[in-house]
Amino acid sequence: MAASFKKSYRFAIFSSMYITVCLTLFVSVFFYIKDAFDWIFLLCFIPVCFVLSVFLIQVRVERFIYKRVKKIYDDVSLLDVTTLKRGQITTDMSTLTKEVERFAASKKLEIESLKIREEYRKEFMGNVAHELKTPLFTTQGYILTLLDGAMKDKTILKKYLKRAAAAVERLVYLVSDLDMIAKLEVGDLNLRYEYFDMVELVQHTFELLEMKASKKNITLTFERADLKPVMVNADRERIQQLLTNLIVNSIKYGKQDGTTEITIENLIQNKVIVRVTDNGEGIASEHIPRLFERFYRVDKSGSRREGGSGLGLSIVKHIIEAHDEKIYVESDFGVGSEFSFTLEKAEELPKKPVVDVVGGN
């Protein structure tokens, strides 16, 4: 406290000492000339002069600094004027400088963050435009060709209508995914929590994707010593969508005659962890931090040979976060990848109704 006082009022104290000494000498000389030297007056004059000087200098300098610094705040718009309070201003310029530097550093971080967001926004808008224009232009091309006379040929008519329908279906799929991500981000998507068997859900998802995996001769395996039910508390439909996205990704980027394996393990007392592991292409380490961004693709080639909307992993991330759970990625390029996520576990099926909860953290 004493150190803080000394540091804050040092300027006023030393200035007052100089003024007091000068005035005392001046009064002493005056009394000496008049031959009326009064020691009692002089002893009273010294403390009164010193105290008044300290008070006046401190008040005036504080106001001076406050007005000048406030003007700097207003002129450069670097700092938030509302955060500047008279109680924060002292005559210690070192403290004031540190405060200004602290606020400047804080605003610099905000500016850098805004620049990063702006770059992300530009990249996102470019990706959206690219993803939308492909099915739109495809559909437009087929329809214009038919209107130019190709519809008279029934074979071409049927073929082009099927291709146009496929392009529209892709467009609908893309818009639907974007709509879901938007709802998950703003917490506007209801999560229908219920207790269900995760083992059964994995088996059901495998059955749905069996044909897709067979095209690349990829084996879907469920690594579990027993098939006893593992009850979890989550939105069954969303978790199935999440699981489907992860398995489809492992099939897309899996190698011919490869495997996709799912394991369920107890993590802690009330959590389980579900792992989706493949021995496919793997992901280079520099891509992992951005895997869950919308439209981010490891494959930067224009052909985008594996198709998809580029939103699958982003949806996975948002579904997990809406459940207040975590998702993890481990991958070795050329060896394979493992995506794992946690879920709340239930030891036994409770006798309570399903609960609707608004998604989001």
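It should be emphasised that the depicted structure is a prediction, and the values quoted were computed from it without experimental measurement. (Residues numbered from 1 in each chain as written. Predicted model: local features only at pLDDT ≥ 70, side-chain atom pairs only at ≥ 80, totals over all residues. Heavy atoms only, no water.)

Visitor: Report on the pairing of strand β7 (residues 336-345), specifying residues and quantitative values.
Guide: Here is the key point about a regular strand: its side chains alternate between the two faces of the sheet. Summarising burial for β7: nine of the ten residues are buried, a large majority. Strand direction decides the pairing type here: strand β3 (residues 231-235) and β7, joined by two bridges, are antiparallel. Residue pairing across strands places Val232 opposite Lys345, the latter belonging to β7. As paired strands, strand β5 (residues 271-278) and β7 are joined by eight bridges and run antiparallel to one another. If you follow Ile273 over to β7, its bridge partner there is Thr342. Bridge analysis of strand β6 (residues 327-332) against β7 gives six bridges, and the strand direction is antiparallel. By the bridge assignment for β7, Tyr328 is matched with Ser340. Where β6 folds back onto β7 in an antiparallel hairpin, the turn is made up of three residues, including Gly334, whose phi is positive at roughly 85°. (Buried < 20%, exposed > 50% of the residue type's maximum accessible area, 1.4 Å probe, protein only. Helix = DSSP H or I, 4+ residues; strand = E, 2+ residues; numbered from the N terminus. Pairing = 2+ DSSP bridges.)

Visitor: Tell me about the pattern of salt bridges, and name the residues and values.
Guide: One pass over the full model with this rule turns up four salt bridges. One salt-bridge network, in which partners are shared between bridges, spans Glu265, Arg275 and Glu338. (Salt bridge = Lys/Arg side-chain N within 4 Å of Asp/Glu carboxyl O.)

Visitor: Quick one: what's the story with the environment of Val335, residue by residue and with numbers?
Guide: Positionally, Val335 belongs in the loop between β6 and β7. Residue class for Val335 comes out exposed when judged on its relative accessible area of 54%. It is 8.8 Å that separates the C-alpha atoms of Val335 and Ile283, two residues lying 52 residues apart in sequence. Not counting chain neighbours up to four residues away, the residues in contact with Val335 comprise Asp278, Asn279, Gly280 and Glu281. (Contact = heavy atoms within 4.5 Å.)

Visitor: I'd like to hear about the environment of Leu201, residue by residue, with values.
Guide: As for its position among the elements, Leu201 is in helix α5 (residues 198-214). Owing to a relative accessible area of 0%, Leu201 belongs among the buried residues under this scheme. Sequence-wise, Leu201 and Gln240 are 39 residues apart; in three dimensions their C-alpha atoms are separated by 6.9 Å.

Visitor: Please provide a residue-by-residue account of the state of the cysteines, values included.
Guide: Under the definition given, this model contains zero disulfides. Cys49 provides the cysteine sulfur closest to Cys22, a residue in no disulfide bond, and the two sulfurs are 9.6 Å apart. (Disulfide = S-S within 2.5 Å.)

Visitor: Tell me about the UniProt feature "transmembrane region" (unreviewed entry) in the chain, and name the residues and values.
Guide: UniProt feature "transmembrane region" (unreviewed entry): in the numbering of this structure it lies at residues 12-33 and 39-61. The distance from the first to the last C-alpha atom of residues 12-33 is 31 Å, and the span holds 100% helix and 0% strand. What you have in residues 39-61 is 100% helix and 0% strand, and the ends, taken at the C-alpha atoms, are 33 Å apart. (UniProt positions renumbered as here; feature names shortened; annotations may be inferred.)

Visitor: Residues and numbers for the side chain of Ser53, please.
Guide: Within the element layout of this structure, Ser53 appears in helix α2 (residues 39-76). Residue class for Ser53 comes out buried when judged on its relative accessible area of 9%. Side-chain polar atoms of Ser53 contact the backbone oxygen of Cys49, separated by 2.7 Å. With sequence-adjacent residues up to four places away left out, Ser53 is seen in contact with Ser16 and Ile19. (Polar contact = N/O pair within 3.5 Å; in protein donor to acceptor, adjacent residues only side chain to side chain.)

Visitor: How would you sum up the side chain of Thr263? Please name residues and give values.
Guide: Assignment of secondary structure puts Thr263 in strand β4 (residues 259-268). Of the residues examined, Thr263 reaches a relative accessible area of 10% and is grouped as buried. Not counting residues up to four positions away in its chain, the partners in contact with Thr263 are Glu223, Ile273, Val274 and Arg275.

Visitor: So what about the packing of aromatic side chains? Which residues, and what values?
Guide: With the rule as written, the count across this model stands at two aromatic pairs. Residues Tyr142 and Tyr160 carry aromatic rings whose centres are separated by 5.0 Å and whose planes lie at 55° to one another, so their mutual orientation is tilted. Of this pair, Tyr142 sits in helix α3 (residues 93-147) while Tyr160 is found in helix α4 (residues 154-186), placing the two residues 18 residues apart along the sequence. Centre to centre, the rings of Phe292 and Phe339 are 6.4 Å apart; their planes meet at 90°, and the pair counts as edge-to-face. One end of the pair, Phe292, is in the loop between β5 and α7 (312-322); the other, Phe339, is in strand β7, with 47 residues separating them in the sequence. When its relative accessible area of 8% is taken as the criterion, Phe339 is described as buried. (Phe/Tyr/Trp six-rings, centres within 6.5 Å; stacked < 30°, edge-to-face > 60°.)

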